[in-house]
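An overview of the molecular structure
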Amino acid sequence: MKNDICGNREGGSIRAIYTRQEENSAHSTEKKRTGLAKAAASVMLTVGEGIEGDRHGKNRERQLTLLDEGTRDWMQVQMTEGLCFQRFQENFLTRGLDYAVLHAGTRICIGSAEIEITQKGKKCFPECGRRQLGMECMLCGNACFAKVVQGGTVKTGDEIRL
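These remarks concern the structure in this document. Keep in mind it's a predicted model, so treat the numbers as computed, not measured.

Regarding the overall build of the protein
Tallying secondary structure elements over the protein gives two helices and 13 strands in all. By residue count, 43% of the 162 residues in the protein fall in the buried class. Taking contacts inside the protein between residues at least 6 apart in sequence as the whole, the part at least 24 apart equals 74%.

A closer look at the packing of aromatic side chains
All chains considered together, the criterion is met by two aromatic pairs. Centre to centre, the rings of Trp74 and Phe85 are 5.7 Å apart; their planes meet at 65 degrees, and the pair counts as edge-to-face. Of the two residues, Trp74 is situated in helix α1 (residues 69-76) and Phe85 in the loop between α1 and β8 (92-95); the sequence distance between them amounts to 11 residues. Grouping residues by exposure puts Trp74 and Phe85 together as buried. A ring pair is formed by Phe88 and Phe145, whose centres lie 6.1 Å apart and whose planes are at 80 degrees; its orientation type is edge-to-face. In this pair, Phe88 sits in the loop between α1 and β8 while Phe145 sits in strand β11 (residues 143-150), placing the two residues 57 residues apart along the sequence. Across the pair, Phe145 and Phe88 agree in class, each one buried. Sitting above the plane of the Phe145 ring, Arg62 keeps its charged end 3.8 Å from the centroid.

Thoughts on the nonpolar core
Core analysis: the biggest nonpolar cluster contains 23 residues, and Leu45, Phe92 and Val154 have the highest contact counts within it. Elements with a contribution of two residues or more to this core: β1 (10-19), β5 (42-46), β7 (64-68), β9 (107-110), β10 (113-120) and β11. Filtering out sequence-adjacent residues up to four positions away, Phe92 remains in contact with Ile14, Ala16, Ile17, Val43, Leu45, Ile51, Leu64, Thr65, Leu66, Leu67 and Val154.

Some remarks on the pairing of β9
With four bridges connecting them, β9 and β10 associate as antiparallel partners. Residue pairing across strands places Cys109 opposite Glu114, the latter belonging to β10. Hairpin geometry of β9 and β10 is characterised by an intervening segment of two residues between the two adjacent antiparallel strands and by a positive phi of about 60 degrees at Gly111. Sheet topology note: the β9/strand β13 (residues 159-161) ladder contains two bridges and is antiparallel. Opposite Cys109, over in β13, you have Arg161 as the bridge partner.

Notes on empty space enclosed by the protein
Per the stated rule, a full pass over the model turns up one cavity of 30 Å³ or more. Taken together, the residues of the lining of the largest cavity break down into eight nonpolar, one polar and two charged.

Thoughts on the state of the cysteines
For the structure on display, the rule yields zero disulfides. Sulfur of Cys124: no disulfide; nearest cysteine sulfur belongs to Cys128 and is 4.1 Å away. Looking at Cys124, the relative accessible area reads 28%, which means it is partly exposed. In this model Cys140 remains outside any disulfide bridge; the closest cysteine sulfur is found in Cys137, 4.9 Å from its own.

Calculation criteria
- Starting afresh in each chain, residues are numbered from 1 along the sequence in its written order.
- Totals for whole chains, interfaces and linings use all residues, but because this is a predicted model, local features are given only for residues with pLDDT of at least 70 and pairs of side-chain atoms are given and counted only at 80 or more.
- For side-chain calculations, the full set of non-hydrogen atoms in the structure is used, while hydrogens and water are omitted.
- Numbering goes from the N terminus for both helices and strands, where a helix is a DSSP run of H or I of at least four residues and a strand is a run of E of at least two.
- Exposure categories follow from relative accessible area, calculated using a 1.4 Å probe and restricted to protein chains: below 20% of the type maximum is buried, above 50% is exposed, and the middle band is partly exposed.
- By definition in these notes, contact holds between two residues if any of their heavy atoms fall within 4.5 Å.
- A pair of Phe, Tyr and Trp rings is counted when the ring centres sit within 6.5 Å of each other, with Trp represented by its six-membered ring. The angle between the planes then sorts it: under 30 degrees is stacked, over 60 is edge-to-face, the rest tilted.
- Criterion for a charge above a ring: Lys NZ or Arg CZ within 6 Å of the ring centre, and within 35 degrees of the ring normal.
- Among buried residues, those of type Ala, Val, Leu, Ile, Met, Phe, Trp, Tyr and Cys that are joined through side-chain atoms within 4.5 Å constitute a nonpolar core.
- Strands qualify as paired when DSSP identifies two bridges or more between them.
- Buried and open spaces are told apart on a 1 Å grid over the protein atoms alone, a cavity being a set of points where a 1.4 Å probe fits but cannot get out and a pocket being an open set with protein on both sides within 12 Å along at least five of seven lines. Residues with an atom within 4 Å of a point are the lining residues.
- Grid points are joined across faces, edges and corners, and a volume is the space filled by probe spheres set on the points.
- Charged residues are taken to be Asp, Glu, Lys and Arg, nonpolar residues to be Ala, Val, Leu, Ile, Met, Phe, Trp, Tyr, Cys and Pro, and polar residues to be all remaining types, Gly included.
- Only a pair of cysteine sulfur atoms within 2.5 Å counts as a disulfide in this structure description.

What follows is the structure, given as structure tokens:
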């Protein structure tokens, strides 16, 4: 099922999908976040929740994270790590999506779902070693946060339409 809200301009594809679950502790009612990402072949996106079962879903404006695969590759070869290199974990690793044309409010269709960009770029923290040394960080321009505006299924390999 294709959504007619998005244009027909191809915007790349989904290279990989990752989820992070919340676990209920056996000894309490508190939820615990797991740090390990689990790769998924497909996920269901739900309005107001993001990826079903993903720990990011409770945040209204940051239900989903998108990252350019070239940026992930760049992060892995840097001699000086940024503060967020280990902390920032994407839900969707993208290939061929031009992050320069994205801005808050941009609608994107992936699979049978539609998402809206809520924030372009990852803000840098003052305590980041790269920032303190005046070094660039590609997370500032090649990552986005989004929310689900129409639920649906997204699979690895799905085309991204703008």
